[in-house]
Amino acid sequence: MKKINNYWIILCNPLTWYEGTELYQVNNLLLNLNKEFWKINSRTVYNFLEIGDKGIIKVGIDNRTNKDRYNVKKGITEDELKSGIYATFEIVKNEEENVYRKQCENYLGDIESFVHIKISNNFFKDEIIQKEKAIEILSKSTFYTKSSKKITQKQYEDVLLEKKI
């Protein structure tokens, strides 16, 4: 029997990207995103995500200050990220660790959950789906979610349709 894929919205908060990343690097990391362990909300979705599931990455409000976005190496302030849909992804196994999800202790001793994703379409390389259009596609309550959550196959496909994929 063929597995039925689930569809998800996962979030990117530029201010809390993850440990070890300078805040100015978030723009470049999003632009060049390919495969990644992505931090998700462990209380609501961690146990439900499976290999082959697909979804979208949404950036919310970019609360980084000019100082946070200052790229010391280039001597410039990186652009503020606009709120919207930045990419589509599929959950895949990480070949090195042979897992597709994992939990790790952070520097505060809290357990954080991650899922391994492969980017299918990176809209940041071309043009993101801006907030107003994303709300039309997803609904206001889905767009303004504060944690990763399930979306419908239609919502996912409507994102692809908007980008003519």
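The structure reproduced in this document is the subject of the present report. (Residues numbered from 1 in each chain as written. Predicted model: local features only at pLDDT ≥ 70, side-chain atom pairs only at ≥ 80, totals over all residues. Heavy atoms only, no water.)

**Observations concerning unusual backbone geometry**
The condition that has to hold: What counts as a helix is a DSSP run of H or I of at least four residues, what counts as a strand is a run of E of at least two, and both are numbered from the N terminus. Think of it in three bands: residues with accessible area under 20% of the maximum for their type are buried, residues over 50% are exposed, and the middle band is partly exposed, with areas taken using a 1.4 Å probe on protein chains only.
Located in the positive-phi region is serine 139, a residue other than glycine, with phi close to 95°. Its place among the elements puts serine 139 in the loop between α2 (131-138) and α3 (140-143). In this structure, lysine 164 is a non-glycine residue whose phi angle is positive, near 60°. Relative to the helices and strands, lysine 164 resides in the segment after α4 (153-162). Looking at lysine 164, the relative accessible area reads 75%, which means it is exposed.

**Comments concerning the packing of α2 against α4**
Filter applied, for reference: With axes taken as lines fitted to C-alpha atoms, and helix axes fitted only over the stretch in contact, angles between N-to-C directions fall between 0 and 180 degrees. In these notes the angle categories are as follows: under 35 degrees is roughly parallel, over 145 is roughly antiparallel, 65 to 115 is roughly perpendicular, and the rest is oblique. Take the far helix as your reference; a near helix turned counterclockwise from it by less than a right angle gives a left-handed crossing, and one turned clockwise gives a right-handed crossing. Between two residues, a contact is recorded if the distance between any of their heavy atoms is within 4.5 Å. Amino acid classes used here: Ala, Val, Leu, Ile, Met, Phe, Trp, Tyr, Cys and Pro are nonpolar; Asp, Glu, Lys and Arg are charged; the rest, including Gly, are polar.
Their axes nearest at 9 Å, the elements α2 and α4 cross at an angle of 140°. Taken together, the axis directions place α2 and α4 in an arrangement best described as oblique. Seen along the crossing, α2 lies across α4 with a hand that is right-handed. Two secondary-structure elements touch here, α2 through Lys133, Ile137 and Leu138 and α4 through Gln155, Asp158, Val159 and Glu162. Here the residues of the contact of α2 with α4 are counted per class, giving three nonpolar, one polar and three charged.

**Here's the deal with the nonpolar core**
As a reminder, the rule being used: In these notes, a set of buried Ala, Val, Leu, Ile, Met, Phe, Trp, Tyr and Cys residues joined through side-chain atoms within 4.5 Å is what counts as a nonpolar core.
If you look at the biggest cluster of nonpolar residues, it comprises 24 residues, and the most contacted ones within it are Leu30, Trp38, Ile40, Ile57, Phe89 and Ile117. The set of elements that each furnish at least two residues to this core consists of β1 (7-12), α1 (26-31), β2 (35-40), β3 (54-59), β6 (84-91) and β8 (111-122). When residues no more than four places from it in sequence are discounted, the contact partners of phenylalanine 89 are Trp8, Ile10, Asp53, Lys54, Gly55, Ile56, Ile57, Ile117, Lys118, Ile119, Ser120 and Tyr156. Within the second largest apolar cluster, 14 residues are counted, among which are Tyr7, Phe123, Ala134 and Phe143.

**Some words on the pattern of salt bridges**
The cut-off we apply is this: A pair is scored as a salt bridge if a Lys or Arg side-chain nitrogen falls within 4 Å of a carboxyl oxygen belonging to Asp or Glu.
Scanning all chains against the criterion turns up eight salt bridges. One salt bridge in this structure joins arginine 64 and aspartate 62, with 2.7 Å as the shortest N-O distance. When its relative accessible area of 5% is taken as the criterion, aspartate 62 is described as buried. We note a salt bridge from glutamate 162 to lysine 133, for which the minimum N-O separation is 3.8 Å. Taken as a pair, glutamate 162 in helix α4 and lysine 133 in helix α2 lie far apart in primary sequence, 29 residues in all. Within the structure, one salt-bridge network assembled from shared partners comprises Lys133, Glu136 and Glu162.

**Quick look at the side chain of serine 83**
The following threshold applies: Polar contacts, as counted here, are pairs of nitrogen or oxygen atoms within 3.5 Å of one another; within protein the pair requires one atom able to donate a hydrogen and one able to accept it, and residues that are adjacent in sequence qualify only if both atoms are side-chain atoms.
Tracing the backbone through its elements, the reader meets serine 83 in the loop between β5 (76-77) and β6. Looking at serine 83, its side chain comes within polar contact range of the main-chain oxygen of valine 59, at 3.2 Å. Those residues within four positions of serine 83 in sequence are excluded, and the remaining contacts are Val59, Gly60, Ile61, Ile128, Ile129, Gln130, Lys131 and Phe143.

**Observations concerning the state of the cysteines**
Quick reminder of the rule: When two cysteine sulfur atoms are found within 2.5 Å, that pair is recorded as a disulfide.
Enumeration over the complete set of coordinates arrives at zero disulfides. Cysteine 104 supplies the cysteine sulfur nearest to cysteine 12, a cysteine that is in no disulfide, at a spacing of 18 Å. Since its relative accessible area comes to 3%, cysteine 12 is described here as buried.

**Brief notes about α4**
So the rule is basically this: In this description, the arc belongs to the directions extending from the helix axis to the C-beta atoms.
Of the positions making up α4, those classed as buried are Gln155, Tyr156, Val159 and Leu160. The buried residues of α4 occupy one face: seen down the axis, they fall within an arc of 145°. For α4, exposure combined with an orientation more than 90 degrees from the buried face picks out Lys154 and Leu161. Directly after α4, the chain includes lysine 164, whose backbone phi takes a positive value near 60°.

Read these as spatial facts, not as claims about activity.
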